[in-house]
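Structural overview
Residues per chain are reported as follows:
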Amino acid sequence: MVEVRRLYRFPPYVWVSCFLSVMCLSGQALGPKAIASTQRLELRDKVLEMFNHAYNAYMTNAYPADELMPIACKGRIRGVTPSRGDIDDTLGNFSLTLVDTLDTLALLGLHDEFEVAVRRVERDVSLNADLLVSVFETNIRMLGGLLGGHSAALELQESHNRMKWYNGSLLRMAKELGDRLLPAFNTSTGMPMSRINLSTGSVRRLKDRDTCTACAGTTILEMSALSRFTGDPVYENRAREAMDYLWSRRQRSSDLMGTVLNVENGEWVRKESGIGAGIDSYYEYLLKAYILLGDDTYLHRFNTHYQVRFYIHSNPLQAIKQYVAQGPMMIDVLMHKPTTAARNFIDALSAFWPGLQVLKGDLKSAIETHELLYQVFTRHTFLPEAFTTSFDVHWGQYPLRPEFAESTYLLYKATGDPYYLQVGKTILENLESRARVECGFAGIKDVRTFTHEDRMDSYFLAEMFKYLYLLFSPSSEDLGINIDNYVLTTEAHLLPLKLSLLSPHNKTKTKFTMSSVDRSCSNSDYVKSGNLKSIHELRNTVKVDAINVKQPTQCPNNPTPSPTQWVGPRTLKASELIPNNQQHIAILKRMGITMVVLKDGKIQLVQHHNTASTPRDATEGTMFMHEMMELSKKAEAPQNPLYIQILSRPYKGSLALRAQPAQFGPTFDSIEGGVLGYAVISDPVDGCTNSQHPVKGKIVVAERGSCMFVQKAKMAESQGAVGIIITDNVAESSFEGSSPFAMAGDDETIVNIPAMFLFTKEGGIIRDLIRDAGHLRLFLSNHLKPLHEIMLEEIDAPTDVSSDTDSGQPPPAKVSSDTISEQPPPPKGEL
């Protein structure tokens, strides 16, 4: 929107609106069949029906809680609902979803419900809960929601002759919240602390001193709007100081920003530089601050980042081609070493980028990047939370994120190409078929299995339905709010463009000459009405299967030999790696590989050839990484669960634990009738050496760690065991909460007994049962069976085992219902 030449000094809201009218140009589509106007209206009505389904589910089952749990059909309440860790810092027991949804109600034309919602917020919402909340999330969702609701109420008063009773209550609440957030900015750098207690104003100086670039740089829109609505400059000044300091911390040689820094000393904690998680909305707010406030300072800063790092330009620097751009993909690099790739995956939050490129006027790049994302989207039904540079799933979650819908809407508005209506239709249909549940819409735990997660974040109502409704609405006149008069925040809240005419009496702005601020026009070939052939041809150049992604840069004068040139014994193969083995860690370091153990027990490996001890070590490191990628693909491939049924009394087969398979040993498809045996806990518990307990004819239960999975299985087999169960050693892991997993072998050791893997939660259950019962008989199989089908005449343990007598009830509270199955088997998908 901003790349309009200002030959005259129009008020900012005038010239921005002029560009918006350019964005509304339409043309004839090439490619997918154009959507008829009647079908477009039907799709808009479907968006409205889906919104009402989600909103009513929240209001009926969750309000006044912050968010809806759509599977449990109840509210998520901080301090009552079991904690999810840092993710719950978004919640402040302030009816988050209702506040976040206010201006969506107005935009969708639900004016009666909007009035009711405003009155509810006035009556019910308190902003002084004694809780530590995220400054970033509270700003964009709550403060932005209150300001967006206030803006919508003013328009309904002025243009729709409604809400004459409204007296600015939402703005007063916004000011109260702004005042409660201000103490977070009391740092030596002016950047806000990451968390604050809204009741006391206290912060945790040591624990919360690190913050992400986006967290510190995504307050300028909301705080400036608050200043200009109230006439108090303090909010805008504090947000501006944070933006100024961030700008000063850019890497001067590359003009890149890192991802995490210390708010007290300004030192970078994480130097990865990208456009996704942790940095995304910093760039967004630089450009949108220029649009909203008319301050050239922000445009100059955005252009400096964009031209040098992101923009494929005819400029001699060509830095983007050298450092970041690999076709239409953006790969993270290190801010201080821009030739070194920092990651081999792209996160879903980067899907906002094509939309920002539209606002910049770089439609060519926007079209290309969006098309790549759409091909990944169609491959996986949704954009996974992260995908690899080969476009496979890296993190499988899809928490109903709206960024791809946002970019789709903005591209349609800019080009008028009906192709983007088809894209929006696909988004809508996939949400309806895969995410809709009885109580709203549920996040997807893994796009490979489409299992649901019990969450419906507030942004789903605030953003997703807003963008889709805008996409399918033929004109601004069909909307409940005239969208052309507003800037949308990162949470899609409405801030009026005319705020630029209201002075906050803030500090003197940096002045730039007309020649020093780039206002290059948008790619006109892609905006003009009529023939859309150029857009169609441009999209056809983007094929994910043909993109060749560079791996982390190697020194060109010292190329790493190909793994096929390896001669001699290996020091460590991927299949042999034991993460807590210090010798293995030392070997990896010699190969130039660093290892981080994540909270869920998974390991993250990154290789930098220039840190390897010798070129030979670097070569072996390359081989190791290739092997590890192959093992990861196998381990994370969707697997049908295996089952461990407890046959001893009082369960008699009615209790079953779900388990994961092994990539070694016989499969349960090849074992007729499954495996029967009494369970025994290995001593030592890791199962890496001979057990002190007799295991012949029994099923060994060993704990993960100290040696390879296949070594544990071979040790159990050598002692006469008929099977082995290996339990996880990662705290709080569970079948429900973990990604698919398969135990890796070493492609050499032959194992003749079957093996299963249990996550920590299920492993704890079986260990408790063994300790309580003394003798516990198990049946291992790939499907559940009723007792009469299991070829067993006796299920009782020896008569001297008192816990196996027919005494009635199962052990109390040791088995939770969300980790077990009971006979008869429930329908598929509910187990």
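To keep things clear, this report deals only with the structure shown in the data block. Here the residue index of a chain counts from 1 through its sequence in written order. Whole-chain, interface and lining totals are the exception, using all residues; otherwise, since this is a predicted model, local features are given only for residues with pLDDT of at least 70 and side-chain atom pairs are given and counted only at 80 or more. Neither water nor hydrogens contribute to the side-chain values; these are computed over all heavy atoms in the structure.

Observations concerning the overall build of the protein chain
Put simply, DSSP marks the helices as runs of H or I at least four residues long and the strands as runs of E at least two long, and each gets a number from the N terminus on. The helix and strand tally for the protein chain stands at 22 helices and 33 strands. Burial statistics for the protein chain: of 831 residues in total, 58% are counted as buried. In this analysis, two residues are considered to be in contact whenever any of their non-hydrogen atoms come within 4.5 Å of each other. Restricting the contact set of the protein chain to residue pairs at least 6 apart, pairs at least 24 apart contribute 72%. Working note: accessible area of the protein chain is about 33600 Å², and carbon and sulfur atoms make up 51% of it. Under the scheme applied here, a residue whose accessible area is under 20% of the maximum for its type counts as buried, over 50% as exposed, and between as partly exposed, the area being computed with a 1.4 Å probe on protein chains only. Exposure was quantified through the Shrake-Rupley algorithm and a 1.4 Å probe, taking into account, for residues, occlusion by the shown protein chains and nothing else.

Re the packing of aromatic side chains
Planes of paired rings set the category: under 30 degrees apart is stacked, over 60 is edge-to-face and the rest tilted, where pairs are Phe, Tyr or Trp rings (Trp by its six-membered ring) whose centres lie within 6.5 Å. Tallying each qualifying case throughout the model produces 24 aromatic pairs. Ring centres of tryptophan 165 and tyrosine 166 lie 6.2 Å apart, and the angle between their planes is 85 degrees; this geometry places the pair in the edge-to-face category. By relative accessible area, tryptophan 165 is classed as partly exposed at 27%. Overall, the relative accessible area of 6% leaves tyrosine 166 in the buried class. Plain terms: the ring middles of phenylalanine 709 and phenylalanine 757 are 6.0 Å apart, the flat faces sit at 80 degrees to each other, and that makes the pair edge-to-face. Taken together, the positions of phenylalanine 709 in helix H21 (residues 709-718) and phenylalanine 757 in strand S31 (residues 755-758) put the pair 48 residues apart, joining distant regions of the chain. Taking the relative accessible area as the measure of exposure, phenylalanine 709 reaches 12% and is therefore buried. Members of the aromatic cluster, each reached through a chain of ring pairs, are Tyr374, Phe377, Phe382, Tyr398, Phe404, Tyr419 and Tyr420. It is arginine 120 that lies over the ring of tyrosine 63; its NZ or CZ is 6.0 Å from the centre. The ring of tryptophan 247 has arginine 250 sitting right over it, with the charged end atom 3.8 Å from the ring centre. By definition, being over a ring means that NZ of Lys or CZ of Arg is both within 6 Å of the ring centre and within 35 degrees of the ring normal.

Observations concerning helix H15 (residues 403-415)
The periodicity of an α-helix, 3.6 residues per turn, causes residues three or four places apart in sequence to face the same way. A helix is expected to span 1.5 Å multiplied by its residue count minus one. Its 13 residues give H15 an end-to-end C-alpha distance of 18 Å, which sits within 8% of 18 Å, the value for a rise of 1.5 Å per residue. Across the 13 residues that make up H15, a large majority, 13, are buried. Looking at the residues trailing H15, positive phi occurs at glycine 416, about 70 degrees.

Comments concerning the sheet that holds strand S14 (residues 345-347)
Consider a sheet: its strands pair through backbone hydrogen bonds, and that pairing is either parallel or antiparallel. Being paired, for any two strands, means DSSP has found at least two bridges between them. Across the sheet, which stays open at both edges, the 3 strands sit in the order S14-S15-S16 with antiparallel pairing between neighbours. Only two strands of the sheet have a single partner each, and these edge strands are S14 and strand S16 (393-395). Taken over all neighbouring pairs, the strand axes of this sheet differ in orientation by 30 degrees on average, direction set aside. Bridge count between strand S15 (residues 386-388) and S16: 2 bridges; the pairing is antiparallel. Its bridge partner lying in S16, alanine 386 is registered against tryptophan 395. For every element, the axis is a line fit to its C-alpha atoms; helices are fit only across the contacting stretch, and the angle between N-to-C directions ranges from 0 to 180 degrees.

Looking at the packing of helix H13 (residues 353-360) against H15
The axes of two packed helices give the description: the angle between them and the distance between them. Two elements in contact, H13 and H15, have axes whose closest approach is 7 Å; the angle formed by their N-to-C orientations is 30 degrees. One way to sum up the angle between H13 and H15 is to call them roughly parallel. As H13 runs across H15, the sense of the crossing is left-handed. Between H13 and H15, the residues in contact are Trp353, Pro354, Gly355, Val358 and Leu359 and Ser407, Leu410, Leu411 and Ala414, respectively. In the scheme used here, Gly and all other residues not listed as nonpolar or charged are polar, with Ala, Val, Leu, Ile, Met, Phe, Trp, Tyr, Cys and Pro taken as nonpolar and Asp, Glu, Lys and Arg as charged. Residue composition of the contact of H13 with H15, by class: 7 nonpolar, 2 polar and no charged. Angles are sorted into four bins: roughly parallel if under 35 degrees, roughly antiparallel if over 145, roughly perpendicular if 65 to 115, and oblique for all others. By convention, the crossing between two helices is left-handed when the near helix turns anticlockwise from the far helix through less than a right angle, and right-handed when the turn is clockwise.

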